[in-house]
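Coordinate inspection notes
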Amino acid sequence: MRLELWPQGAPLALGNDAEDRPAITAYLLDNVPVGSAVPAIVVLPGGGYTHRAAHEGEPIARWANSLGLHAFVVDYRVSPYQHPAPLLDAQRALRTVRANAEAWKVDPNRIGILGFSAGGHLASSAGTHYDHGNPEAEDPIDRFSSRPDFMVLCYPVITMGEYTHQGSRQNLLGEQPDEELVRLMSSELQVTADTPPTFIWHTSDDGAVPVENALMFASALSRAKVPFEFHSFMTGRHGLGLANDHSEARVWPELCARWLARLGIVAARS
């Protein structure tokens, strides 16, 4: 099921083509009992804010389904779109899932966000820039919170500063962004005690997005006393996705599943 986030046209739209119309594709669990509600996760593929990598979309949603989560893959806007369009899309996706919680049998208090690379930056942005909805909003979806209840960040871009991924920064913020905007969109500087619990993994020799990104976010979470789990694997190319073909990082999905179980998001693994 594919659903446009703004059927009447997205804010800041530059046209009316498919790439101007952000959407979510839903991967809903079958046979959820009447009256039950299950957790959900919003998935943001990476791609340097120029595209959305297919291997970080549907395969991740199917993995999430295997854990007992509904999954929603977001076709968020990328270049030539810049901030705040991608963040608006991620926030709208979270609101949309909450707005449809009853119809889709989603637990509105167990909705997380998962992102890879630049999608990890977008996920961390959603987890540090959110509101609890506007009860007076004309659009009923805007009455719902955009705060994720948990985050999963996979080899994420985090900072727009020294250790940033230059391509992601330029595509999102432009060639010469204002320093205040750079600070605002450096997620390690936006963590508070209310930032959602977070699972992070990276590879120490990532040649595209330095592992310092993950380290800085983990350090910020620690300072704010936000629960987190962080894994850095010694080797591994950027963009591993589920890492099925990698001897070290291939364990990350199981580690993440166990973490989600400890949070009470999914059932414990036997």
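Below is a short write-up of the structure.

**Structural notes on the packing of aromatic side chains**
Enumeration according to the criterion identifies nine aromatic pairs in this entry. For the ring pair Phe-116 and Tyr-155, a centre distance of 5.5 Å and an interplane angle of 50 degrees mean the geometry is tilted. Of this pair, Phe-116 sits in strand 5 (residues 106-116) while Tyr-155 sits in the loop between strand 6 (151-154) and helix 5 (166-173), and the two are 39 residues apart along the sequence. Residue classification places Phe-116 among the buried positions, given a relative accessible area of 0%. The class of Tyr-155 is buried, set by a relative accessible area of 2%. On the numbers, 6.2 Å between centres and 75 degrees between planes, the contact of Phe-116 with Trp-252 is edge-to-face. Linking Phe-116 in strand 5 with Trp-252 in helix 8 (residues 252-263), this pair joins segments that are 136 residues apart in sequence. Joined through ring pairs, the aromatic side chains of Trp-63, Phe-116, Tyr-155, Trp-201, Phe-233 and Trp-252 make up one cluster. Sitting over the face of the ring of Tyr-130, Arg-147 holds its NZ or CZ atom 5.8 Å from the ring centroid.

**Examining the pairing of strand 2 (residues 23-27)**
The buried count for strand 2 comes to five of five residues, which makes it a mostly enclosed element. Neither face of strand 2 is left uncovered, since the one carrying Ala-23, Thr-25 and Tyr-27 and the one carrying Ile-24 and Ala-26 both have all their residues buried. Pairing of strand 2 with strand 4 (residues 70-75), which is carried by five bridges, proceeds in the antiparallel orientation. In the sheet register, Ala-26 faces strand 4, and the bridge partner there is Phe-72.

Here is what the cut-offs are and how they apply
Residues numbered from 1 in each chain as written. Predicted model: local features only at pLDDT ≥ 70, side-chain atom pairs only at ≥ 80, totals over all residues. Heavy atoms only, no water. Phe/Tyr/Trp six-rings, centres within 6.5 Å; stacked < 30°, edge-to-face > 60°. Helix = DSSP H or I, 4+ residues; strand = E, 2+ residues; numbered from the N terminus. Buried < 20%, exposed > 50% of the residue type's maximum accessible area, 1.4 Å probe, protein only. Lys NZ or Arg CZ within 6 Å of the ring centre and 35° of its normal. Pairing = 2+ DSSP bridges.

Don't take any of this as a statement about function, it's just geometry.
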